[in-house]
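Examining the three-dimensional arrangement
Residues per chain, in single letters:
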Amino acid sequence: MSNVSKIRISDLKKSTFFSSFEIKYTEDNKKKKWHFVQFIDNVAVIIFNTTRKKLVFVKQFRPTLYAQNIPRNEWRHIDVKKHPPEIGFSLEFCAGIVDKKMPVEQIAKFEVLEETGYDVPVERLQKVKVLRSTGTAVYDVHLFYVEVDDSMRVGKGTGIEDESINVVELSLTEAESIMNNDSAIHHFAFIFGLMWFFGNKL
């Protein structure tokens, strides 16, 4: 049962996490413009537990996912009985924003420890790919892969401060079924990461 409540959506003009811009340019002698939002880059880590042969994910409430599941004309006055918070929970790779002046590998290590409780040496993190969003939302996702075992679990994870994160472990069969479920909504890096794992690690 979720303990998310009192959900409201309103306009936002400024944020510490993104900036909005307009680009004006000429192409084929035609004046054009494009609006985009620059977000903070982030890291994401595909975690495979070799002891139990399971993939390790996190699950948490994502307000934007919740909003996407509600008609726009109901945003101002949301009925949580009609639209329960559970529709806003997302299954994801361990991830975090690049908000520290240090190598992204080090940030990835910290995120794995904070969110899942596994203490992984930086040198065991394998860089998979930098995924770039180039539409109206602009940011990079630094995707990594790491193998862990039960002896590396030094805490419960669940995040820090105001985060509320659940650690979820799925069998390979369960994870593969998610990848092939067209009705499920996931971030593009999540689907790419699963496809990479099943294509390169099995």
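Residues numbered from 1 in each chain as written. Predicted model: local features only at pLDDT ≥ 70, side-chain atom pairs only at ≥ 80, totals over all residues. Heavy atoms only, no water.

**Focus on the packing of aromatic side chains**
- One pass over the full model with this rule turns up 13 aromatic pairs.
- Seen in terms of ring centroids, F18 and F39 are 5.4 Å apart; in terms of plane orientation they differ by 50°. Their pairing is tilted. Residue F18 is located in strand β1 (residues 18–27), and its partner F39 is located in strand β2 (residues 30–39); the two are separated by 21 residues in the primary sequence.
- The partly exposed category is assigned to F18, whose relative accessible area is 24%. (Phe/Tyr/Trp six-rings, centres within 6.5 Å; stacked < 30°, edge-to-face > 60°. Helix = DSSP H or I, 4+ residues; strand = E, 2+ residues; numbered from the N terminus. Buried < 20%, exposed > 50% of the residue type's maximum accessible area, 1.4 Å probe, protein only.)

**Let's talk about the environment of Y118**
- Checked against the element boundaries, Y118 lands in the loop between α2 (104–116) and β7 (126–134).
- Distance from Y118 to H142, taken between C-alpha atoms, is 19 Å for residues 24 residues apart in sequence.
- For Y118, the residues in contact, after removing those within four places along its chain, are N49, R52, V56, V112, L113, V148, D149, D150, M152, R153 and E169.
- In this structure the side chain of Y118 is engaged in a polar contact, spanning 2.9 Å, whose partner is the side chain of N49. (Contact = heavy atoms within 4.5 Å. Polar contact = N/O pair within 3.5 Å; in protein donor to acceptor, adjacent residues only side chain to side chain.)

**Concerning the environment of I178**
- Structurally, the position occupied by I178 is in helix α3 (residues 172–179).
- Given the relative accessible area of 18%, I178 is considered buried.
- Separated by 87 residues in the primary sequence, I178 and L91 place their C-alpha atoms 9.7 Å from one another.
- Setting aside residues no more than four positions away along its own chain, I178 makes contact with L91, L170, H186 and F190.

**Thoughts on helix α4 (residues 188–200)**
- The first and last C-alpha atoms of α4 sit 18 Å apart over 13 residues, in line with the 18 Å expected at 1.5 Å per residue.
- Considered for burial, the residues of α4 that qualify are A189, F190, G193, L194, W196, F197 and F198.
- Check the buried side of α4 and you find it contacts β3 (42–49), β4 (54–61), β5 (89–92), β7, β8 (137–148) and α3. (Expected span 1.5 Å × (residues − 1).)

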